[in-house]
Each structure stands twice: as structure tokens, then as C-alpha cells.
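The chain contents come next:
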Amino acid sequence: MLTLPSSPSIRLFAVAATFILCACAAPLPLGENVPPPRFVVGDHWEYRITDGLRRNVTSELDVQVIAINAGVATMRFSYVNDYGRTEKTEEIDADGGLRAGALRYEPMRRFSPPLKLLDFPIGQRSPWRQVVDTFRQDTQLKDDILIYGEVQGRVPVTVPAGTYDAVAIYRIVQFDDDEFWRSKTTRRDSVRYAPEVKGVVREVRDAEYVETSSGPDPATIRTEYTTTELVSFTPGR
């Protein structure tokens, strides 16, 4: 079981040191730094999401840039699955940071500073660490979100949209959702980012938390194991 120290920076280092991503093929050097994407209205991505915890049930994700204001892109996310269709929006700043959105199944909220889910220019600073203070509406208490990311190099990846020379990134996100009976949710992401489509072409997420009140043998509860793959990309005009 992973027991995290109290200091946010130490906790983040401990998690990063504990979870190590093993790749089947050694990534190649990154080469030049990858700048943040320059979105335009009409940029459109279609993804397929496979849920490994639900017998590989698939859903569809449609993402489109619907507005640009002072360098901030507003994106509409439309999910279609067995339960119907749901939508949410996100705001991405000119440096690729998430200014507003929903990290999981939660209402949209704003982040200050923006979350660096990808640290642009990719390759210039690796690894990166970020602690973002938050305020939880459910507990009325201060908390924080922790992010650790590491650029691993370039790897070829084939998805329904085609084959890409992608940037391989390993990322850990710790959410601000701990309770008296459970730890924060920790999610480990294997990300493949392709500059030519301005976004991620493949992402595998594996998330869990620990029930700290379940006696001498705490139970680990797995909450997500999904694979998201790009089906198509259409640039805006």
C-alpha cells in the first residue's frame, strides 16, 4: 500500500517514484521542443473510448473548438454511450493549460493557475510537477490537485485515424477527492500526443483509491481503466 507524506511536494515525488511506466519499445529522443497547439474555430476530433472495467464497452467522444477569445479556446465535448448523450465545455489557454473544465464526473470548475496536463513547450522542462490549490464545495475545505509528468521521447503509434510519430508522456494526477475513509484518487496516464492533429491520439488511464478505514488490510478500489483513441481529425478554417 502507498502511504503518502503530508507535504504536497513530497507526496507528489513519492507517487512519481512509486509508479513507473514500462514501455515495450524504447522511445526515440524527442529532438526539437513541441510548441503549444494553435487552435482555430472548427477544429474537430472524434475519439473512441474503450472501458476495460466494463468488458471493453465502447463510447464515442466528439470534441470541437467552438470559440476563441483572447487566445483562450472554448471546446465542446460530446459523449455518446449506452446511457445517451452528455456534453461539457473546457477552456484551454494559449499555453495549453486547462483553465476551466471537469476532470472527471463533476460540474465544470475553474483552475488558477491552469492545470498543466501537458507542459508546453513539450520537451523543454521534463519532468514537471504542479500543485494547484482548490476549494471543495462538498466539504467547504481547502484541498489540492497534484500533477506529475514526464516526457519519454517519440514513439510510433497506430490508431483508427492513422499512424503517427507521437510524443510519449507519462503522467500522474492526484485528485482532490479524499474523505476520512479513503485516499485521494490517483490516476496514471500513458499519453501519446501528435502535433499534426493538435492533440492526443491515444491515452490509457488507470485510476484507483485506497479505503483507509477497511481495517488492517486496506482495500484498493480501481475506478477507471480506459483507452481513448483518435478516430478522425478535421482542422478548422
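### Some details on the pairing of strand 8 (residues 141-159)
Pairing analysis gives nine bridges linking strand 7 (residues 128-136) to strand 8, with the strands arranged antiparallel. The partner of Arg129 across the bridge, within strand 8, is Tyr148. Linking strand 7 to strand 8, which pair antiparallel, is a turn of four residues; within it Gln140 sits at a positive phi near 60 degrees. Taken together, strand 8 and the strand that follows it, strand 9 (residues 162-174), pair antiparallel across an intervening segment of two residues.

### Observations regarding the packing of aromatic side chains
Here the structure, examined in full by the defined rule, presents four aromatic pairs. A centroid spacing of 5.4 Å and a plane angle of 35 degrees characterise the contact between Trp45 and Phe233, whose relative ring orientation is tilted. Here Phe233 lies in strand 12 (residues 219-234) and Trp45 lies in strand 1 (residues 44-51), a separation of 188 residues in the sequence. Centre to centre, the rings of Trp181 and Tyr209 are 6.0 Å apart; their planes meet at 80 degrees, and the pair counts as edge-to-face. A residue pair is termed long-range when its members are at least 10 positions apart, and Trp181 in the loop between strand 9 and strand 10 (186-194) and Tyr209 in strand 11 (residues 199-211) qualify at 28 residues. On the basis of relative accessibility, which here comes to 29%, the residue Trp181 falls in the partly exposed class. A relative accessible area of 12% means that Tyr209 is categorised as buried. Following the ring pairs from residue to residue traces out a cluster consisting of Phe39, Trp45 and Phe233. Over the face of the ring belonging to Phe77 we find Lys88, whose NZ or CZ atom lies 5.4 Å from the ring centre.

### Some thoughts on the sheet that holds strand 10
If you walk across this open sheet you meet the twelve strands as 6-5-4-3-2-1-12-11-10-9-8-7, and the pairing is antiparallel. Only two strands of the sheet have a single neighbouring strand rather than two, namely strand 6 (109-115) and strand 7. Each strand of the sheet is rotated relative to its neighbour by a mean of 20 degrees, with strand direction disregarded. Summarising the sheet, strand 1 and strand 2 (residues 57-69) pair through eight bridges and their orientation is antiparallel. Directly across from Arg48, in strand 2, lies its bridge partner Glu60.

### Topic: the environment of Leu118
Here Leu118 lies in the loop between strand 6 and strand 7. Exposure remark for Leu118: the relative accessible area of 12% places this residue in the buried category. Spatially, the C-alpha atom of Leu118 lies 9.5 Å from that of Val151, the residues being 33 residues apart in sequence. Filtering out sequence-adjacent residues up to four positions away, Leu118 remains in contact with Gly96, Trp128, Ile169, Arg171, Val191 and Tyr193.

### What to know about the pattern of salt bridges
Opposite charge on two side chains makes pairing possible when the charged atoms of those side chains draw close. Under the counting rule described, the total for this entry stands at 25 salt bridges. Note that Asp43 and Lys198 form a salt bridge whose closest N and O atoms lie 2.9 Å from each other. In this pair, Asp43 sits in the loop between helix 1 (8-18) and strand 1 while Lys198 sits in the loop between strand 10 and strand 11, placing the two residues 155 residues apart along the sequence. No difference in accessibility class separates Asp43 from Lys198, as the two residues are buried. Taken together, the shared-partner salt bridges in this structure form one network comprising Arg136, Asp138, Asp143, Asp144, Asp178, Glu179 and Lys184.

### Here's the deal with unusual backbone geometry
In this chain, Ser112 is followed by Pro113 through a cis amide linkage whose omega measures 0 degrees. Structurally, Pro113 is set in strand 6. Each neighbour pair has its own omega, and for Phe120 with Pro121 the value is -5 degrees, a cis peptide bond. By secondary structure assignment, the location of Pro121 is in the loop between strand 6 and strand 7. Of note, Gln140 is a non-glycine position whose phi angle comes to about 60 degrees, a positive value.

### Here's the deal with the environment of Thr158
Tracing the sequence through the fold places Thr158 in strand 8. The spacing of Thr158 and Arg202 is 44 residues in sequence and 8.7 Å in space, taken between C-alpha atoms. Apart from the residues within four sequence positions on either side, Thr158 is in contact with Thr163 and Glu229. In terms of polar contacts, Thr158 uses its side chain to reach the side chain of Thr163, at 2.9 Å.

The rules behind each value
- Residues numbered from 1 in each chain as written.
- Predicted model: local features only at pLDDT ≥ 70, side-chain atom pairs only at ≥ 80, totals over all residues.
- Heavy atoms only, no water.
- Pairing = 2+ DSSP bridges.
- Helix = DSSP H or I, 4+ residues; strand = E, 2+ residues; numbered from the N terminus.
- Phe/Tyr/Trp six-rings, centres within 6.5 Å; stacked < 30°, edge-to-face > 60°.
- Buried < 20%, exposed > 50% of the residue type's maximum accessible area, 1.4 Å probe, protein only.
- Lys NZ or Arg CZ within 6 Å of the ring centre and 35° of its normal.
- Axes fitted to C-alpha atoms, helices over the stretch in contact; angles between N-to-C directions.
- Contact = heavy atoms within 4.5 Å.
- Salt bridge = Lys/Arg side-chain N within 4 Å of Asp/Glu carboxyl O.
- Polar contact = N/O pair within 3.5 Å; in protein donor to acceptor, adjacent residues only side chain to side chain.

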